[in-house]
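# Residue-level structural notes
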Amino acid sequence: ITTTLRPPTITLDDVFISVKTTKRYHKSRLYVILKTWFQLAKEQTWFFTDSDDKDLQNKTYGHVINTKCPASHHRKALCCKMSVEFDAFMDTDKKWFCHFDDDNYVNVPRLVEFLKDYNPKEDWYLGKPSIQRAFEISSKNKTSPKIKFWFGTGGAGVCISRALALKMMPAAGGGQFMRTGEKIRLPDDVTMGYIIEHLLKKPLTVVNQFHSHLEPMKFIRRELLKDQISFSYASNNIIKIEGFDILRDPTRFLSLHCLLFPYFKFCPR
Ligand code: UDP
Ligand code: MN
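Notes on the structure in this doc start here. Just so it is clear, the structure is predicted and the values come from calculations on it, not from any experiment.

What follows is about the sheet that holds strand β4 (residues 96–101). Across the sheet, 7 strands lie side by side as β3-β2-β1-β4-β9-β6-β10; this open sheet has mixed pairing. A single partner strand is all that each edge strand has here, and the edge strands are β3 (64–66) and β10 (204–206). Averaged over neighbouring strand pairs, the angle between their axes works out to 25° when direction is ignored. Strands β6 (125–127) and β9 (158–161) of the sheet are contacted by helix α5 (residues 162–172), whose axis makes an angle of about 85° with β9.

Quick look at the environment of S139 now. Relative to the assigned elements, S139 resides in the loop between β7 (135–137) and β8 (147–149). On the accessibility criterion, S139 (15% relative accessible area) is buried. Residues S139 and I184 lie 45 residues apart in sequence; the distance between their C-alpha atoms is 9.8 Å. Setting aside residues no more than four positions away along its own chain, S139 makes contact with S144, P145 and I147.

With that settled, consider the site of ligand 1. In the neighbourhood of ligand 1, 15 residues make up the surrounding shell, with K20, S72, K81, D102 and D103 lying closest. Take S72: an N or O atom from its main chain is 3.2 Å from an oxygen atom of ligand 1. At 2.7 Å, a side-chain N or O of K81 approaches an oxygen atom of ligand 1. A total of 520 Å² of accessible area belongs to ligand 1 in isolation, and the protein chains cover 82% of it. Cavity membership is defined here by more than half of the atoms lying within 2 Å of grid points; on that basis ligand 1 lies in the largest pocket. Class assignment for the residues of the shell around ligand 1 results in 3 nonpolar, 5 polar and 7 charged.

Right, let's talk about the environment of K218 for a bit. Tracing the sequence through the fold places K218 in the loop between β10 and β11 (230–232). In sequence terms K218 and N236 are 18 residues apart; their C-alpha atoms lie 9.7 Å from each other. The residues contacting K218, other than those within four sequence positions of it, are N237, I238 and K240.

All right, on to unusual backbone geometry then. In this structure, Y61 is a non-glycine residue whose phi angle is positive, near 55°. Of note in the backbone geometry, R252 takes a positive phi value of approximately 75° without being a glycine. As for its position among the elements, R252 is in the loop between β11 and α8 (253–260). Residue R252 is classed as buried on the basis of its relative accessible area of 6%.

In this structure the tally under the stated criterion is 3 disulfides. The disulfide partner of C69 is C80, and the gap between their sulfur atoms is 2.0 Å. Between C69 and C80, the S-S dihedral sits near -80°, and the bridge is therefore left-handed. Of the two residues, C69 is situated in the loop between β3 and α3 (75–90) and C80 in helix α3; the sequence distance between them amounts to 11 residues. Across this residue pair, the class does not change: C69 and C80 are buried.

The protein atoms that coordinate the manganese ion (ligand 2) are D103 (OD) and H213 (NE2), at distances of 2.1 to 2.2 Å. With a gap of 110 residues between them, D103 in the loop between β4 and β5 (104–106) and H213 in the loop between β10 and β11 connect regions that are remote in the sequence.

Attention now goes to the nonpolar core. With 49 residues, the main nonpolar core has L111 and L115 as its most contacted residues. Listed by contribution, the elements that provide at least two residues to this core are β1 (15–20), α1 (28–35), β4, β5, α4 (108–115) and α8. Those residues within four positions of L115 in sequence are excluded, and the remaining contacts are I10, V15, W96, C98, L126 and C159. Core analysis: the second largest hydrophobic core is formed by 30 residues, M90, A171, I195 and L204 among them.

Another point: the pairing of β1. Along β1, 6 of the 6 residues are buried, which leaves the element largely enclosed by surrounding structure. What you see with β1 is no split at all: V15, I17 and V19 on one side and F16, S18 and K20 on the other are buried throughout. As defined by bridge partners, β1 adjoins β4 across 6 bridges and the pair is classed as parallel. Directly across from V19, in β4, lies its bridge partner F100. The pairing of β1 with strand β2 (residues 45–49) spans 4 bridges and is parallel.

What counts as what
Residues numbered from 1 in each chain as written. Chains lettered and ligands numbered in written order. Predicted model: local features only at pLDDT ≥ 70, side-chain atom pairs only at ≥ 80, totals over all residues. Heavy atoms only, no water. Pairing = 2+ DSSP bridges. Helix = DSSP H or I, 4+ residues; strand = E, 2+ residues; numbered from the N terminus. Axes fitted to C-alpha atoms, helices over the stretch in contact; angles between N-to-C directions. Contact = heavy atoms within 4.5 Å. Buried < 20%, exposed > 50% of the residue type's maximum accessible area, 1.4 Å probe, protein only. Near = heavy atom within 4 Å. Polar contact = N/O pair within 3.5 Å; in protein donor to acceptor, adjacent residues only side chain to side chain. Areas by Shrake-Rupley, 256 points an atom, 1.4 Å probe, with all protein chains shown as cover. 1 Å grid on protein atoms, 1.4 Å probe; cavity = no way out; pocket = protein on both sides within 12 Å on 5 of 7 lines; lining within 4 Å. Sits in = over half its atoms within 2 Å of the grid points. Nonpolar A, V, L, I, M, F, W, Y, C, P; charged D, E, K, R; others polar. Disulfide = S-S within 2.5 Å. Donors = N, O, S within 2.8 Å, 3.2 Å for Na, K, Ca; no water. Core = buried A, V, L, I, M, F, W, Y, C linked by side-chain atoms within 4.5 Å.

The structure is reproduced here in structure tokens:
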């Protein structure tokens, strides 16, 4: 007799979704998120920022965390936020930690369906690399070979199982993530890869349905949009989709949302 072991089924409530943001993007970037995918994961999504914002706090039903990290795009500030995100996840009893940037659209039901294929009691580091070969740093000892590892780009989204997060605790828990980032002097997503692939020797599993703006968005075929888990945008790099006028929907996220969830009030019918 052969039996297939399936991971225990999970629901959206087993997922902790963190979004990294900063003061100057509260109005601009978060507007479209709050109008679209956040509405499908209000209870599970938390925003990690660097200032107090009453209006945002109201709109998110109190789901804004002021990390007190510096409002800058520097390595130290970004690692500081990731450190707070990681600790906030560890404080919950959720099975999955999924991090996104504030220029991501998250296809919430697709994310949950996808995670159902993986057992959170096993070690999983799920993400999308943005470079063609493993990242290389020289080791302290100049005669030793270079340290090589893969990392999931933060701007595409990264998910980590609780089992793996527990093993990351010595290097990432209780503020250690920031210290590890300082030690190797690399950004937050690279530090994540260093901890998981190099220190813990657990491989990154490549998820092609995650997308950062480091790849051209227009090549995602229209009929495959519904199968993707995350999207992003940058100037001159947006999803190719019909829908709202470009002036009303420059990121294309409103149009995408109406394609996926046409019953939303703001969608044409
Ligand atoms: N970010 C931040 N502090 C800053 C600038 C950016 O926390 O001073 C966040 C931003 O909100 C986003 C992420 O870092 O979630 C990446 O920033 P951005 O998209 O501007 O740059 P990228 O690295 O994608 O080029
Ligand atoms: Mn970005």
